[in-house]
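# Residue-level structure breakdown
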Amino acid sequence: TPITLDQGIFIWYKHNTPIGISVCFVDDVMWGGEEIFKLVIEKLKETFKIGSENQHVFDYIGVHITQNSDYSILLDQHSYTQSIEPIDINKDRKNDPHQPLTKEELTQLRAALGKLNWIAGMTRPEISFKVCQISTRVKNATISDILSINKLIKLVRNTKSFIKITTFNLRSVSITVFADASLNNLHDGGSLEGYLIFLQGATKSSTLVSWNSTRVKRIARSTLAAETLAMSDACDSALSIANLTKEIFMPFYPQTVKVFTDNRSLYETIHSTKPTLDKRLRLEISALREMYDNNEIDFNWIDNAKQLSDTLTKAGAPYQKLIDVLQSGILSASS
């Protein structure tokens, strides 16, 4: 049966335990499950014509998928990144980086941003900040933006990166979230927010399942405001994923959603009953407090050095720790 939150995902159960799953995207179908689930797939093949079928190593909607002998799965876009070419600019143009772009150069910049945004949203979250930052300047883009995008293209072409999907004991799955924001760090005074959402097992095994780096939805007048709005969006997304996984894994669904912030003021505000001075923030704070009081979200404070989502909101933030988590499939939120 299809799950209620996403009609493209179908789950098969035996005695209320999931034994198989299939995911449909237009006319591409990916499936997996226990040995007995093959009987279900054979029945489907009798009804639907299958053009080609692959297993263990294949491409699905532009992502290269490799399943290892321990059933862990690697996701990468190495081939796709090699197809992204830097934008060619002559020397004279490079010498004056403040020149506005020609119509042709702007078209090339938009095309490059589209490709980079695709991989940022599929397998390379560490480049999300730079893609978002340059995207906000497109209307007034200059040669310096092309130089920046070429540098980013060189980075993704020269560094191979992947996301590892680890195996889990379904009886001990939890959700871990890192949420962050940076005040007024866009060229027009806007602020950036970012979050990372992990499924995590009892043995620190983890898989990144959702992430975002985008402009905060309204002008923030303080760091607390920016962090609050970012946290609100992160929690909404995390609860949506919690409900999705609850339906898929029932009765073994995530028991907790742990959210980590490095903003002490936000953490203390959520755990306080005092109204905030910023009246526009009171509704958002009240919503977060309600999530906490209802045991939907467990809010935690961490030191800035442990904030994995920094790389989604700040220029020059180190991203190697995030890469290590993505590629090892091991996350310790408190380490």
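What you see as residue numbers is a count from 1 along each chain, following the sequence as written. Residues qualify for local features only when their pLDDT is at least 70, as the model is predicted, and side-chain atom pairs are given and counted only at 80 or more; totals for whole chains, interfaces and linings, by contrast, use all residues. Working from all heavy atoms in the structure, the side-chain values ignore hydrogens and water.

Secondary structure counts use DSSP, requiring at least four H or I residues in a row for a helix and at least two E residues in a row for a strand, with both numbered from the N terminus. When its secondary structure is counted, the chain shows 10 helices and 13 strands. Relative to the globule expectation of 20 Å for 335 residues, the C-alpha radius of gyration of the chain, 22 Å, shows essentially globular dimensions. Taken along its principal axes, the extent of the C-alpha atoms in the chain is 65 × 55 × 35 Å. Remark: exposure states derive from per-residue accessible area (1.4 Å probe, protein chains only) relative to the maximum for the residue type, with buried under 20%, exposed over 50%, and partly exposed in between. Counting over 335 residues, the chain shows a buried share of 44%. Working rule for contacts: check all heavy atoms of both residues, and any pair within 4.5 Å makes them a contact. A sequence separation of at least 24 residues applies to 67% of the contacts in the chain between residues at least 6 apart. Accessible surface, the chain: about 18,100 Å² in total, of which carbon and sulfur atoms supply 53%. Across the chain, the centroid of the 37 positively charged side chains sits 4 Å from that of the 37 negatively charged ones. It is over C-alpha atoms that the radius of gyration is taken, and the globule rule equals 2.2 Å times the number of residues to the power 0.38. The method behind every accessible area is Shrake-Rupley, applied with a 1.4 Å probe, and residues are considered shielded solely by the protein chains displayed. The positive count covers Lys and Arg only, the negative count covers Asp and Glu only, and His and the chain ends enter neither. Think of each charge as sitting on NZ of Lys, CZ of Arg, CG of Asp or CD of Glu.

Method remark: on a 1 Å grid restricted to protein atoms, a set of points is classed as a cavity if a 1.4 Å probe fits but cannot get out and as a pocket if it is open with protein on both sides within 12 Å along at least five of seven lines; lining residues have an atom within 4 Å of a point. Grid points are joined across faces, edges and corners, and a volume is the space filled by probe spheres set on the points. Approximately 350 Å³ is the volume found for the second largest pocket. Surrounding the second largest pocket, 15 residues form its lining, Lys130, Leu152, Leu155, Gly316 and Tyr319 being those nearest its centre. Secondary-structure elements contributing two or more residues to the lining of the second largest pocket are helix 5 (128-135) and helix 6 (143-158). By residue number, the principal contributor to the lining of the second largest pocket is helix 6, which donates 4 residues. Classes in brief: Ala, Val, Leu, Ile, Met, Phe, Trp, Tyr, Cys and Pro nonpolar; Asp, Glu, Lys and Arg charged; the others, Gly included, polar. Here the residues of the lining of the second largest pocket sort into 7 nonpolar, 4 polar and 4 charged.

Here we come to the packing of helix 7 (residues 223-249) against helix 9 (residues 282-293). Following both chains from N to C, one finds helix 7 and helix 9 inclined at 40°, their axes separated by 10 Å at the closest point. On the basis of their axis angle, the class for helix 7 and helix 9 is oblique. Regarding helix 7 and helix 9, the two cross each other, and that crossing is left-handed. From helix 7, Thr228, Leu229, Met231, Ser232, Cys235, Asp236 and Leu239 reach across to helix 9, where they touch Glu284, Ile285, Leu288 and Met291. Residue composition of the contact of helix 7 with helix 9, grouped by class: 7 nonpolar, 2 polar and 2 charged. To get an axis, a line is fitted to the C-alpha atoms, and for a helix only the part in contact is used. The angle between two axes follows their N-to-C directions and goes from 0 to 180 degrees. Note on terminology: angles under 35 degrees are roughly parallel, angles over 145 are roughly antiparallel, angles of 65 to 115 are roughly perpendicular, and the others are oblique. Definitions for this section: a left-handed crossing has its near helix turned counterclockwise from the far helix by less than a right angle. A right-handed crossing has that turn clockwise.

Just distances and angles here, no functional claims.
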